[in-house]
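Descriptive analysis of the structure
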Amino acid sequence: MSTATDDRREVTSFDADDHQRPSEPEWGTLRSRWRATLRYMRRNPSLPVGLALLSALILFSVIGGLLVDIGDTRVMSAPHSRAPADNLWFGSDRQGRDLFAVMVHGTWLTVRVGLIAGAVGIVFGASLGFIAGYFGGWIDNIVNWTVDVLLTVPAMLFLVVIATNVSTPTEPLSSTTMAIIIAALAWRRPTRQIRAQVLVMRTAGYVQTARISGASNLEIIFLEMIPNLLPYLVASFVTAVSAAVLASVGLEAMGLGPQNEPTLGQTIYWMIQSSAFMMGLWWWILPPIIALVILFVSLYLINVGIDELSNPRLRRKA
Amino acid sequence: MALSDLLRRLVLLAAVIWTAMTLNFILPRITGRNPIIEKLMDSADSGGANEYDFDQFVAAMNARFGFDRPILHQYLDYLGDLVTFDLGYSIANFPTRVGDLIASALPWTIGLMLTSTLIAFVLGSILGALTVWFRSSRLLGFFVPVIMVLAAMPFYLVGLVLIYVFSSLLGWFPASGGFVETRTVTSGWDFYLDVAYHAVLPGLSIVLASTGVWALSMRGMMVTVQGEDYMTFADAKGLNLRRVFLAYGVRNAILPQVTMLALFMGQVVTGAVLVEVVFAYPGIGFLLLRSIQINDFTTIYGVVFILILTIGFSMLIMDLIYPLLDPRTRKSRA
């Protein structure tokens, strides 16, 4: 992901690249634009496959949300340890939660934690990266050192300490609070990545040109640099979401998650704690694992796809 | 490595350790609640702790934290304790010291992590190099996508799948623990075999999920190295292929892998901690899980501190090893 492109022209010219091929249709009309897009997708299948997987997961949660009552995720809403049946599609766990309702609601909760933490991380990280990379000097030094120090320590360890201090027995964490806790550390990697990119861009020809033409710093950042960094920002965001989901499920598996909400990680925690493996309750074990595998793989594929889209050098290698 | 570079590394390590120590000190004070005292009051209410232990404990806590003294004094004392590795007493099992709990769990974690990381590193590097060398191999062409997908997944998720398949369905391997619980003798070949048998699944989940990471980066590096002039030259000289592959290709491509090993360290530690949680493996991750469940805050802080220390030092060691592998960085010291 962090392939630093020292030649920015390559990043900006990915569609111009297509023009050079005589077989590629022109980008003029809407219809030919669609055809070109389709053709590109066939060449770079990671992006569409990843997006399709992610959409399937979100669709499952959205459509499922219309069919189930969220209340069924509570303990004792169904007979316990039942295998899947007609009226209980995914069966129930040992505490009597309706697992279909748990999966529908939990998938969304977990994705939401990732989105919140990822969004906060990328906004804060990108701002910090821009300030550090663009203005340099002592601010850059401070930011750079702070990120270096914080990146050495795995987020999980910080989060364990924070979470043990925030959640109390009478007032357990909500999944939103957890997203914010995770966001507190989600900015580190985006900051470093964006800073590195900005450092390179600062000396690029078009930025120099803009500066000589009297553009202000804000104009240069928002009109010249950010549009060029867009694919990079999106890739950074996807990485941040993936890392946030990883952290949240990890925290939940250790019992530091929202005890009253059926997130995927929390489901895994209950599953391990009530020895679902020994009882062979496969309908309890498999769905959260499959959902998480789909989530991680789709985010990974999207990332690879964006990387390929924005960095044509990778294309020749493949 | 240049001297200034080494100095920078040392300062960074010190900063990391200081941050970790300070975090454990400041957070309970920022959030306005002191979990240690809360837990204390809790056990006093429920009468769970026996009277004698409890009095001693309060005395020990007061001596240690001295809440009546100025905050700066508390802080300096706290730092002094940590520097001498005095992690205090476990709240849940009072007379036991946190240091002893960690010391008995650490060998399990180190054994599991070191072995599986080494296997994954070697396996991944070889595999990555081979995919470039035998570009048209069908077998490798099948392996690469599988490995890439596995690399995208966290260790514990792979672990859960392995438990389900090999323990729950097939019953080939135990699903949890580090050895048979009823065992009384904890030495001898029999015991070690048992330990190895229990370590297969946790180890395998780390190997499976991280081999791909090494294979992918090695592949990228080999592609670059293959385009270098010295590869063409070695070929033209008529050296045998194995020599070109190992001494010219792999030797050069492996360098960034070692740097990556240093960067990957933190991820491996977190991953291993969660794998232990999933497998109830008696290492430091499982200690952390148990401490969280019984609100044993001193142990939680102790484990976090030791883990951060481990990561910091292993990264430093990796940086020091680097010049041994790359003669170019050695020269710059002179």
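Residues numbered from 1 in each chain as written. Chains lettered and ligands numbered in written order. Predicted model: local features only at pLDDT ≥ 70, side-chain atom pairs only at ≥ 80, totals over all residues. Heavy atoms only, no water.

Another point: the overall build of chain B. Helix and strand counts for chain B stand at 13 helices and 0 strands. The secondary structure elements of chain B, listed N-terminal to C-terminal, are α-α-α-α-α-α-α-α-α-α-α-α-α. Buried positions account for 47% of the 334 residues belonging to chain B. Long-range contacts, defined here as pairs at least 24 residues apart, represent 73% of the contacts in chain B between residues at least 6 apart. In the structure as shown, chain B presents an accessible area of about 16,700 Å², 67% of it carried by carbon and sulfur atoms. (Helix = DSSP H or I, 4+ residues; strand = E, 2+ residues; numbered from the N terminus. Buried < 20%, exposed > 50% of the residue type's maximum accessible area, 1.4 Å probe, protein only. Contact = heavy atoms within 4.5 Å. Areas by Shrake-Rupley, 256 points an atom, 1.4 Å probe, with all protein chains shown as cover.)

Residues and elements named next belong to chain B. Summed over the entire model, instances satisfying the criterion amount to 5 cavities of 30 Å³ or more. Approximately 70 Å³ is the volume attributed to the second largest cavity. Taken together, Leu127, Gly128, Thr131, Phe143, Val144, Ile147, Ala215, Leu216 and Arg219 make up the lining of the second largest cavity. Among the secondary structure elements, those contributing two or more residues to the lining of the second largest cavity are α5 (98–133), α6 (138–151) and α8 (188–226). When the residues that make up the lining of the second largest cavity are grouped by side-chain class, the tally is 6 nonpolar, 2 polar and 1 charged. (1 Å grid on protein atoms, 1.4 Å probe; cavity = no way out; pocket = protein on both sides within 12 Å on 5 of 7 lines; lining within 4 Å. Points joined across faces, edges and corners; volume = space filled by probe spheres on them. Nonpolar A, V, L, I, M, F, W, Y, C, P; charged D, E, K, R; others polar.)

Residues spaced three or four apart along an α-helix face the same direction, because each turn holds 3.6 residues. Residue and element names in this part refer to chain A. Spanning 12 residues, helix α7 (residues 155–166) covers 16 Å between terminal C-alpha atoms, matching the ideal 16 Å at 1.5 Å per step. A large share of α7 lies buried, amounting to 11 of its 12 residues. Inspection of α7 places Ala155, Met156, Leu157, Phe158, Leu159, Val160, Val161, Ile162, Ala163, Thr164 and Asn165 among the buried residues, and these make up the whole buried set. (Expected span 1.5 Å × (residues − 1).)

Here we come to the confidence of the model for chain B. Residues and elements named next belong to chain B. When the pLDDT values of chain B are averaged, the result is 77; 80% of them are 70 or greater. Per-residue pLDDT, averaged within each element of chain B, yields its smallest value for helix α13 (residues 327–331) (61) and its largest for helix α9 (residues 229–237) (86). Across the interfaces of the predicted complex, the ipTM metric reaches 0.76, alongside a pTM of 0.80. (pLDDT = per-residue confidence, 0-100.)

Most of helix α11 (residues 284–293) of chain B is tucked away: 8 of the 10 residues are buried. For α11(B), the set of buried residues is B:Ile284, B:Gly285, B:Phe286, B:Leu287, B:Leu288, B:Leu289, B:Ser291 and B:Ile292. Looking at the buried residues of α11(B), the elements they touch are α7 and α11 (217–253) of chain A together with α5, α10 (241–279) and α12 (297–325) of chain B. Two residues or fewer after α11(B) comes B:Asn295, characterised by a positive phi angle close to 55 degrees.

What follows concerns the environment of A:Val68. Residues and elements named next belong to chain A. Within the fold, Val68 resides in the loop between α4 (46–67) and α5 (99–135). As for Val68 and Phe90, which are separated by 22 residues in sequence, their C-alpha atoms are 12 Å apart. Apart from the residues within four sequence positions on either side, Val68 is in contact with Phe100, Ala101 and Val104.

A few words now on the interface of chain A and chain B. Listed per partner, the contact involves 42 residues of chain A and 45 residues of chain B. Both sides together, the interface formed by chain A and chain B hides about 4,000 Å², and carbon and sulfur atoms give 78% of it. Taken together, the links from chain A to chain B amount to 1 salt bridge. Measuring nitrogen to oxygen at the nearest pair gives 2.8 Å for the salt bridge that ties A:Asp148 to B:Arg8. (Buried area = accessible area lost by both parts, 1.4 Å probe. Salt bridge = Lys/Arg side-chain N within 4 Å of Asp/Glu carboxyl O.)

With that out of the way, let us pick up the nonpolar core. The biggest cluster of nonpolar side chains holds 138 residues, and the ones touching the most others in it are A:Val160, A:Met254 and B:Leu160. Setting aside residues no more than four positions away along its own chain, A:Val160 makes contact with A:Leu251, A:Met254, A:Leu256, B:Leu288, B:Ile292, B:Ile300 and B:Val304. Judged by nonpolar contacts, the second largest core, of 14 residues, contains A:Ile194, A:Val198, A:Met201 and A:Ile220. (Core = buried A, V, L, I, M, F, W, Y, C linked by side-chain atoms within 4.5 Å.)

Turning our eyes to something else, we now look at the environment of A:Met201. Position of A:Met201 relative to the elements: it lies in helix α9 (residues 188–202). Each C-alpha atom of the pair A:Met201 and A:Tyr134 lies 9.0 Å from the other, and the pair is 67 residues apart in sequence.

Moving on: a nonpolar patch on the surface. On the surface, a nonpolar cluster with roughly 740 Å² of combined accessible area is contributed by A:Ile58, A:Leu59, A:Val62, A:Ile63, A:Leu66, A:Leu67 and A:Trp89. Note on A:Leu59: relative accessible area 49%, which makes it partly exposed. (Patch = residues over 30% accessible without salt bridge, like charges linked within 9 Å, V, L, I, M, F, W, Y side chains within 5 Å.)

Summed over the entire model, instances satisfying the criterion amount to 3 salt bridges over all chains. The partner of A:Arg195 in a salt bridge is A:Asp140, with the nearest N and O atoms 2.5 Å apart. Note that A:Arg195 is positioned in helix α9 and A:Asp140 in helix α6 (residues 137–152), a separation of 55 residues in sequence. In terms of burial, A:Arg195 and A:Asp140 fall into one category: buried. One network of salt bridges, with partners in common, ties together A:Asp148, A:Arg192 and B:Arg8.

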